[in-house]
Amino acid sequence: MEQLNHFLFAWINATPASPEWMIDFATFLARDLIIIVPLLIVGLWLWGPQSQLVSQRQVVAKTTIALLFAMLAAATIGALLPHERPFVAGVGYTFLAHAPDSSFPSDHGTAIFTFALAFLFWHRVWSGVLLMIVAIGIAWSRVYLGVHWPLDMVGGFLLGLVGCLFAQLVWNLFGDVIADKLSRLYRFLFAFAIRRGWVKE
């Protein structure tokens with residue numbers, strides 16, 4: 001597996017001869033595009049057609065559960081089984097500043113793949129496919145810039161899948177209770193904004 005990891009990394013990783021615009025584009029994907037996760041979660045909860053708010057908020061709740069599980073699992077694996085990043089191992093070229101912490105699995109990869117899979121399973125096929133393209137772009141960019149191995153991203157995808165399965169199991173068992181508690185908390189915290197019509201009830 002390490003040989004495959006090194007082979008794929010060498011094939012994807014940028015070099016000093018790579019176009020500057022590609023480096024800039026990859027940097028945007030790797031560093032900034034992950035903001036789509038909290039923005040979509042907040043947007044789906046607060047706004048939308050009245051007839052779709054219940055289903056949207058269910059997607060948000062299940063996605064959040066999946067993200068929490070997947071990210072906790074990623075942190076645990078990283079702590080128990082640390083793996084050197086390419087630049088720590090002296091492999092390839094690095095174009096993005098990063099702490100020399102554990103490489104596997106990728107936190108960015110875990111978050112964005114979990115998010116994309118959640119939308120693919122629970123929202124709309126088109127939104128899931130679009131987000132999966134974004135996820136693949138982010139995964140590629142972090143390998144291209146030299147801060148991750150390709151298999152770090154595969155690990156993130158697999159954790160996202162497990163996170164979604166876990167979230168669905170939790171929702172099957174406790175979904176009604178979770179939805180009720182979240183709805184009560186939301187109405188309490190956002191009572192003023194709801195009354196003013198800034199967000200949906």
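Residues numbered from 1 in each chain as written. Predicted model: local features only at pLDDT ≥ 70, side-chain atom pairs only at ≥ 80, totals over all residues. Heavy atoms only, no water.

Enquirer: Run through the packing of aromatic side chains, naming residues and quoting values.
Expert: In total, this model carries nine aromatic pairs according to the counting rule given. Here the aromatic rings of tryptophan 45 and tyrosine 186 are separated by 5.7 Å at their centres, their planes lie at 80°, and the arrangement is edge-to-face. Residue tryptophan 45 is found in helix α3 (residues 36-46), and its partner tyrosine 186 is found in helix α7 (residues 150-189); the two are separated by 141 residues along the sequence. Across this residue pair, the class does not change: tryptophan 45 and tyrosine 186 are buried. On the numbers, 4.7 Å between centres and 50° between planes, the contact of phenylalanine 115 with phenylalanine 119 is tilted. (Phe/Tyr/Trp six-rings, centres within 6.5 Å; stacked < 30°, edge-to-face > 60°. Helix = DSSP H or I, 4+ residues; strand = E, 2+ residues; numbered from the N terminus. Buried < 20%, exposed > 50% of the residue type's maximum accessible area, 1.4 Å probe, protein only.)

Enquirer: Now, about the UniProt feature "transmembrane region" (unreviewed entry) in the protein chain: what can you tell me, with residues and values included?
Expert: As annotated by UniProt and renumbered to match this structure, "transmembrane region" (unreviewed entry) occupies residues 28-47, 59-82, 102-122, 129-147 and 153-174. Summarising residues 28-47: 75% helix, 0% strand, and an end-to-end C-alpha distance of 27 Å. Taken end to end, residues 129-147 is 84% helix and 0% strand, and its first and last C-alpha atoms sit 25 Å apart. (UniProt positions renumbered as here; feature names shortened; annotations may be inferred.)

Enquirer: Just give me the short version of the pattern of salt bridges, but keep the residues and values in it.
Expert: Inspection of every chain in the model, using the stated rule, returns three salt bridges. For aspartate 32, the salt bridge identified is with arginine 31, shortest N-O distance 3.7 Å. Taking the relative accessible area as the measure of exposure, aspartate 32 reaches 33% and is therefore partly exposed. On the accessibility criterion, arginine 31 (52% relative accessible area) is exposed. The salt bridge partner of arginine 184 is aspartate 180, with a shortest N-O separation of 3.0 Å. Placement of the pair is arginine 184 and aspartate 180 together in helix α7, with a separation of four residues, close to one helical turn. (Salt bridge = Lys/Arg side-chain N within 4 Å of Asp/Glu carboxyl O.)

Enquirer: Tell me about the nonpolar core, and name the residues and values.
Expert: Core analysis: the largest hydrophobic core is formed by 50 residues, its most contacted members being Ile112, Phe115, Tyr144 and Leu145. Broken down by secondary-structure element, the contributors of at least two residues to this core are α1 (2-12), α2 (20-31), α3, α4 (53-80), α5 (107-122), α6 (125-144), α7 and α8 (191-196). Residue contributions to this core peak at nine residues, all from α5. Setting aside residues up to four positions removed in sequence, isoleucine 112 forms contacts with Ile34, Ile36, Val37, Val134, Ala135 and Ile138. (Core = buried A, V, L, I, M, F, W, Y, C linked by side-chain atoms within 4.5 Å. Contact = heavy atoms within 4.5 Å.)

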